[in-house]
Amino acid sequence: MESKDDSFPRSRSRTFPEMASFPDLDSSLDGESSPEKDQQDNGDNHITSNGRIGVEHVISKKLQLKRKAEYLRSDLMRQFDNQVSDFVDSLIEESASLEPAPVPAVFSPPLSDKERSKLGHFRPPHGQGKLFVSRRSLLDELFEVNHIRTIYHMFIALLILFILSTLVVDFIDEGRLVLDFDLLVYAFGQFPLVVCTWICMFLSALLVPYTLFSLWSQSQSGSYGHTRLYSMLFGSVFLLYQGLGLGFLPTYVVVTNSLPPASCFIIILEQVRLMMKAHSFVRENVPKVLTWAKGKTSSGPVVPQVSQYIYFLFAPTLIYRERYPRNPVIRWSYVATKLLQVLGCLFYAYYVFVRLCIPQFHSISLQLFDLRAMVLGVFNSILPGVLVLFLGFFAFLHCWLNAFAEMLRFADRMFYKDWWNSTSFANYYRTWNVVVHDWLYYYVYRDFLWVSEKRFRAAAMFFVFTLSAVVHEYILAVCFGFFYPVLFCLFMCFGVMFNFILHDQRKGPIWNIIMWTSLFLGQGVIICLYSQEWYAQLYCPLKESSFLELLKPRSWSCQRGSMADSDKL
């Protein structure tokens, strides 16, 4: 009986392979099982007086083997994951160096952090430009994690509270439920004129650049002669169209018809978008025609098809390619979800302004640049400013662009990166809006270096900042109806300074905290100063309009007078 019982634990132990040594684990477990070892040294052989195996010793041995197995499994899985990640990284680099022929692809599983970092920071060889690959938007991947999706649910809960607070206040003041959206109706006023203006802009952007490029490419065949003269002629006509057709006329329609802010934003943002797309179309195709004119490897220059150009005008990118990676199917449920989220963000912004902005600035006592009131206004504007920032990012860069990408089966959905993890403003500028950043990088920064023969990199970066600041301030000035260069000063002063101070070598959580603090404060400054100027324009209209008075901020010298005009908002 004893020999049979003695053979049982020995046969159990022979079923396991030889395990690696884990000193820390072994020592801790040996310490726990020291009584059993003492019994073995005394010759007890773990057998009790009634001839049965010591239960505690068997349980201890099982726990020891289980912990060793779990430790070994986690170590093997970690090594396997690292090897697979390195292998995938090498495949990405090799595929990116090949000809970027798009292949229809379904959505791949969520990328790991290392894969996403490799894709996000990969730069193709100089001269190739941006490479498009099939990838999902980052938030679509993150929302599959329940912990991240809970944050999304928290914002929905906050929207519900905004709606309830508005309804309760209206019921207390009016004695009934008031569900009017007068601010939205005002902001999107004269919408038929907006639609007509957009149609004219789009048709001109479709016909003029493509026709001019086609005629110019034919003139480069050599049969007409004077190719340089034709290049100057067509180039001048294209620049004239960019400045007059897309630049001046839409702005003239906006200013002369006094369009409200949201309607202005639609026209002016589309104006800038179409100008950038027209430039990209010409910039990407002109070198191909010039290369053909030198070698003349075919009977004529290859002109892109009209369908390719039309697709590019609608595609959520500002970099022209003849082909993009495409998905095989359109998920219409996904499109409907994103469009509904855009609509939800619009109502969210409405309640933010109604509950947090308008009550604060509608009844403010405007004085001659009261420093105390301005400081309090800035800090009170941080919360609505941050909410507007998040809503603008989520509504446009995620929902709107993904909806159009899905309808067009556009597979490269990297419209932004993980800008919220930035520890430097240099990284924040690169990751906040990848669509615009790519255009600025390839067509402004790199072309500036090409013209200067790769000299003056600091000047090239400063030129990019200046151009971006001017365009942003132009959009706000036209849409708000006044010139108040707050955003321009933030870009050119603090933006440039932070770009060099908080550079990419700054790592660690403290720098991310500094970045977020600066971003929050900047949003508070923007909301506060522009809101004060908006109501100053209403309270103190100009009696004599002169150029200097138009440039001078009205909130610096306006004292609150009649409230008749303030009822507009």
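Remember, predicted model here, so these are calculated numbers, not experimental data.

Cut-offs and rules
- Residues numbered from 1 in each chain as written.
- Predicted model: local features only at pLDDT ≥ 70, side-chain atom pairs only at ≥ 80, totals over all residues.
- Heavy atoms only, no water.
- Core = buried A, V, L, I, M, F, W, Y, C linked by side-chain atoms within 4.5 Å.
- Buried < 20%, exposed > 50% of the residue type's maximum accessible area, 1.4 Å probe, protein only.
- Helix = DSSP H or I, 4+ residues; strand = E, 2+ residues; numbered from the N terminus.
- Contact = heavy atoms within 4.5 Å.
- Phe/Tyr/Trp six-rings, centres within 6.5 Å; stacked < 30°, edge-to-face > 60°.
- Lys NZ or Arg CZ within 6 Å of the ring centre and 35° of its normal.

Chemist: Which residues make up the nonpolar core, and what values go with them?
Modeler: Formed by 109 residues in total, the largest nonpolar core has its most connected members in F281, F394, F410 and Y530. For this core, the element with the most residues is helix α20 (residues 509-539), which contributes 13 residues. In this view, F394 contacts L139, F143, Y152, Q341, C345 and C399; residues no more than four positions away in its chain are not counted.

Chemist: Explain the side chain of D447 to me, and be specific about the residues and the numbers.
Modeler: Structurally, D447 is set in helix α17 (residues 434-451). Exposure remark for D447: the relative accessible area of 14% places this residue in the buried category.

Chemist: Run through the packing of aromatic side chains, naming residues and quoting values.
Modeler: One pass over the full model with this rule turns up 48 aromatic pairs. On the basis of an interplanar angle of 35° and a centroid distance of 5.5 Å, the ring pair of F393 and W432 is categorised as tilted. With F393 in helix α15 (residues 382-407) and W432 in helix α16 (residues 425-432), this residue pair connects regions lying 39 residues apart in the sequence. We classify F393 as buried; its relative accessible area is 6%. A residue is classified by how much of its surface remains accessible, and W432, at 21% relative accessible area, is partly exposed. Between W400 and F404 the ring centres are 5.1 Å apart and the planes differ by 50°, which places this aromatic pair in the tilted class. Of this pair, W400 and F404 both sit in helix α15, four residues apart, which is roughly one turn of that helix. In this structure W400 comes out as partly exposed when scored by relative accessible area, which is 36%. Judged by its relative accessible area of 25%, F404 falls in the partly exposed class. In this structure, K130 is placed above the aromatic ring of F132, and the distance from its NZ or CZ to the ring centre is 5.2 Å.

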